[in-house]
Amino acid sequence: MRCATWNVHRAKGSDGRVDPGRVVEAIDHSLTPLDIHVLALQEADGDCPPHAGIFDVHDIAARTKLEYVDDPALRWGPDSDGFLGTILFMSQSLQRMRADVIDLPGHCHRGAVSVEVTFDKRPLRLISTHLSLSQPLRIIQMRVIGQYLRRRPPMQTILLGDLNEWRPWGGLMLNRRLVGTAFRGPVCRSFPSTRPLLPLDRILTDAPGEVRELRAVASAEVALASDHLPLAAAVTVP
C-alpha cells in the first residue's frame, strides 16, 4: 500500500502567504504521480472555531483519483472538511468497514481519525493524527490511542501524520508497553520544508507490516506551499 502524509499548515506557505490553490497544485504535481492509495492531510481546516474547510477537497480527490472520506462523524462540524484539520483520501480499492474519531487531550484540542478497511481482502486500520508539541502530552495522547486499539479487533495498523516527535527513535510515546503495539518505520527529515532538519512527520506500522521506501517529497513548489514536506512510503500488508 502506497501512503502519503502532509501537514499543509492551513495553506500558509514558507513565504508567509496563504494560498490554498498552491497546495492543491503541489499535491497534483508531486503526489498524484506516486499513484498512492492513501493521502492524509493535517492542518487542512481553519485553526479557530468553527474550523471551517480551507481547500476544495473534491478537486484534490479528482486530481489524485482518490475518494475524499466524507463522513459527518469524522468532521469537527458542518463547516469542516475534517476533524481539526485531519482529512483522509483513499483509493476506491479500499473497502471501508468502520470509522472513528479519537479525542486526544492537550492544551489545544487534538484528535486522531481511525478508519478500518479491507485491502486486497486483508483487514487494515489507518490512523491519521497531529500530536502535541509537548513531549509529555504526546505520551498521553499515544496512550489514549493505545487504549482505543485495545478496544478494537486486532489488525495491522498504519499510523501516519505529524507526530511532532523530533527524535528518530520516538522516545516513550512509541514504547510498546505504553501503546500496546510496536509502531516501527524509518525516519526522514521533513521540517522545515526549506531546510529539513527534524523528522516531525511519520509513516509507521505494526507487525506484520513493514514501511519501505520512505522519502520526503521535495521540490521548490512543495517547499513553498507549506512549512512541512510531505512523506511518501510503501507499506507491506502481508
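Preceding block: the structure.
Figured I'd write up the structure that's included with this text. (Residues numbered from 1 in each chain as written. Predicted model: local features only at pLDDT ≥ 70, side-chain atom pairs only at ≥ 80, totals over all residues. Heavy atoms only, no water.)

**With respect to the sheet that holds strand β9 (residues 201-205)**
Under the convention used in this document: When DSSP finds at least two bridges between two strands, those strands are taken to pair. Going along the chain from the N terminus, every DSSP run of H or I of four or more residues is numbered as a helix, and every run of E of two or more is numbered as a strand. Lines are fitted to the C-alpha atoms to define the axes, a helix being fitted only along its stretch in contact, and any angle between axes, read from their N-to-C directions, falls within 0 to 180 degrees. Any two residues whose heavy atoms approach within 4.5 Å are treated as being in contact.
Read across the sheet, five strands follow the order β5-β6-β7-β8-β9 without closing on themselves; strand pairing throughout is mixed. Pairing within the sheet leaves two strands with one partner each, and these edge strands are β5 (95-104) and β9. Looking at each pair of strands side by side, their axes are set apart by 15 degrees on average, direction ignored. Note: strand β8 (residues 156-162) against β9, five bridges, orientation antiparallel. Within β9, the residue paired with Leu 159 across the bridge is Leu 204. Docked against the sheet, helix α3 (residues 135-151) engages β5, β6 (110-119), β7 (122-130) and β8, running at close to 140 degrees with respect to β5.

**Topic: the nonpolar core**
Keep this limit in mind: Definition of nonpolar core: a set of buried residues of the types Ala, Val, Leu, Ile, Met, Phe, Trp, Tyr and Cys, connected through side-chain atoms within 4.5 Å. Partly exposed describes any residue whose relative accessible area lies between the buried limit of under 20% and the exposed limit of over 50%, with all areas from a 1.4 Å probe on protein chains only and scaled to the type maximum.
By size, the foremost hydrophobic cluster in this structure holds 56 residues, and its most contacted members are Met 1, Trp 6, Leu 39, Leu 41, Phe 89, Ile 158 and Ile 203. In terms of residues, this core owes the most to one element, helix α1 (residues 20-31), which gives five residues. The residues touching Leu 39, leaving out its near neighbours within four places in the chain, are Ala 4, Ile 27, Leu 31, Ile 60, Thr 64, Leu 66, Ile 87, Leu 88 and Phe 89. Formed by 19 residues, the second largest nonpolar core is a distinct cluster that contains Val 144, Tyr 148, Leu 163 and Phe 183.

**Things to note about the pairing of strand β1 (residues 2-7)**
Under the convention used in this document: When the strands point away from the viewer, a crossover counts as right-handed if the route from the first strand across the helix to the second turns clockwise.
β1 sits mainly inside the fold: five of its six residues count as buried. When β1 meets strand β11 (residues 231-236), the two strands line up antiparallel, connected through four bridges. Across the sheet, residue Ala 4 finds its bridge partner in β11, namely Ala 232. Two strands pair when backbone bridges link them, and β1 and strand β2 (residues 38-42) are joined in this way by five bridges, in the parallel orientation. Opposite Trp 6, over in β2, you have Leu 41 as the bridge partner. In this fold, the crossover linking β1 to β2 by way of α1 has right-handed handedness.

**A few points about the pairing of strand β4 (residues 87-90)**
On β4, burial covers both faces: Ile 87 and Phe 89 on one face and Leu 88 and Met 90 on the other are all buried. Pairing of β2 with β4 involves four bridges; the strand directions are antiparallel. Counterpart to Leu 41 in the pairing with β4 is Ile 87.

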